[in-house]
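Chain by chain, the residues run as shown.
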Amino acid sequence: MQARPASAEPQIDDEDLVVAKKWHPWRWVVSIAVLVLVAQFLHGLATNPGWDWGTFAQYFTAASVMSALWLTIQLTFWGTLIGFAIGIALAVSRLSNNPVLQVISWFYIWAFRSIPLIVQLLFWFNIAYLYQTLTLGIPFGPAFFEFDVNNVISGSTAAIIGLALHQAAYSAEIVRAGIISVDQGQLEAAAALGIPKRREFFKIVLPQAMRGILPNAANEVISLFKGTSIVSVMAIAELFYQVQVIYGRNGRVVPLLMVATIWYIILTSILSVVQFYVERHYAKGAVRTIPLTPIQKIRKRLAETTLAPRGATR
């Protein structure tokens, strides 16, 4: 028998090759089971009278609830702003060559991470028991100004101080971790090129450190936003406290808790969207292509979806 020459073998085009898709039966089973559970949950939300959606709608945008929501936003804003400002100073102190600053910053972080937030809030709320007056002047010398603590530190001020000082301890470690994550070789290269320290920090260190700082910092802001509910123990009319007051009068516990829950979800979602766009901005230079936004992804899929011409066959 003579061997068949290789050139005589039939040629198959790549377009004629059919790739058989792998069958995943358990994936479909799990997906269907999950969808059934979700459908049951949604059905319960719609039909169970215990949710009392009428009461929910009545109080969702009530004036007292909106005022409490605004106070919650203010507590989060000032707690975040002051907390991260102090946290940055603490992080720089820990990374400095000054042993005094290193020890003080380390002790601050250790102390405020060890003490529960509720204890810190109650301490600042009752600070007038320790110090009835505040004075400004020369240390261990004469005082120039004197203030009554009860008039200076109100309930809201005490809450902001407690939240900010507590947040500073955690934000300091986040900032420090982001800074030390930058490759030391780049700093050595910057020093070899004679780049000033200030420019080195803002042009080389900070953009790269922000990629590691932002995700954890955003989580801390979201945790602080939800953590403002703890100030309800100080009888401050933030969102959760106001909801408690209302359902304490009418007994509608579940719908009023849902009011607070939905507002927390809405504002947390807004913070998550802001986090996505800020992270996307600082991703420039770290990835070859910047992640697409959800709107851009939808537009891309619509553009890739083409209708087959009428009468076309395969």
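No experiment lies behind these values; they were computed from the predicted model shown. (Residues numbered from 1 in each chain as written. Predicted model: local features only at pLDDT ≥ 70, side-chain atom pairs only at ≥ 80, totals over all residues. Heavy atoms only, no water.)

A. Spotlight on the pairing of strand β2 (residues 143-148). Among the 6 residues of β2, 0 are classified as buried, and the element is accordingly described as predominantly exposed. Looking at chain direction, strand β1 (residues 133-137) and β2 are connected through 5 bridges and run antiparallel. Among the inter-strand pairings, Gly 137 is bridged to a residue of β2, identified as Ala 143. (Buried < 20%, exposed > 50% of the residue type's maximum accessible area, 1.4 Å probe, protein only. Helix = DSSP H or I, 4+ residues; strand = E, 2+ residues; numbered from the N terminus. Pairing = 2+ DSSP bridges.)

B. How the structure looks around the packing of helix α9 (residues 197-227) against helix α11 (residues 253-282). Running from amino to carboxyl end, α9 crosses α11 at an angle of 175°, the nearest separation of the two axes being 10 Å. Classified by the angle their axes make, α9 and α11 are roughly antiparallel. For the pair α9 and α11, the contacting residues are Pro 207, Met 210, Arg 211, Leu 214, Pro 215, Ala 218, Val 221, Ile 222, Phe 225 and Lys 226 in the first and Trp 263, Tyr 264, Leu 267, Thr 268, Leu 271, Ser 272, Gln 275, Val 278, Glu 279 and Tyr 282 in the second. Of the residues assigned to the contact of α9 with α11, the class counts are 14 nonpolar, 3 polar and 3 charged. (Axes fitted to C-alpha atoms, helices over the stretch in contact; angles between N-to-C directions. Parallel < 35°, antiparallel > 145°, perpendicular 65-115°, else oblique. Contact = heavy atoms within 4.5 Å. Nonpolar A, V, L, I, M, F, W, Y, C, P; charged D, E, K, R; others polar.)

C. Focus on the layout of surface pockets. Each pocket or cavity is described by its volume, and for the largest pocket that value is around 500 Å³. Taken together, 21 residues line the largest pocket, and the ones lying closest to its centre are Phe 84, Met 210, Ile 213, Leu 214 and Ala 217. For the lining of the largest pocket, the element with the highest residue contribution is α9, accounting for 11 residues. In terms of residue class, the lining of the largest pocket is built from 19 nonpolar, 2 polar and no charged. (1 Å grid on protein atoms, 1.4 Å probe; cavity = no way out; pocket = protein on both sides within 12 Å on 5 of 7 lines; lining within 4 Å. Points joined across faces, edges and corners; volume = space filled by probe spheres on them.)

D. Just the nonpolar core, in detail. Core analysis: the largest hydrophobic core is formed by 17 residues, its most contacted members being Tyr 59, Val 65, Leu 239, Val 259 and Trp 263. For this core, the secondary-structure elements that each account for two or more residues are α2 (53-60), α3 (63-95), α10 (239-250) and α11. Considering every element that reaches this core, the biggest residue donor is α11, with 7 residues. Not counting chain neighbours up to four residues away, the residues in contact with Val 259 comprise Phe 56, Tyr 59, Phe 60 and Val 65. Listed in part, the 16 residues of the second largest apolar core include Leu 75, Leu 117, Ala 159 and Ile 236. (Core = buried A, V, L, I, M, F, W, Y, C linked by side-chain atoms within 4.5 Å.)

Interpretation note: all reported values are geometric properties and have no functional meaning in isolation.
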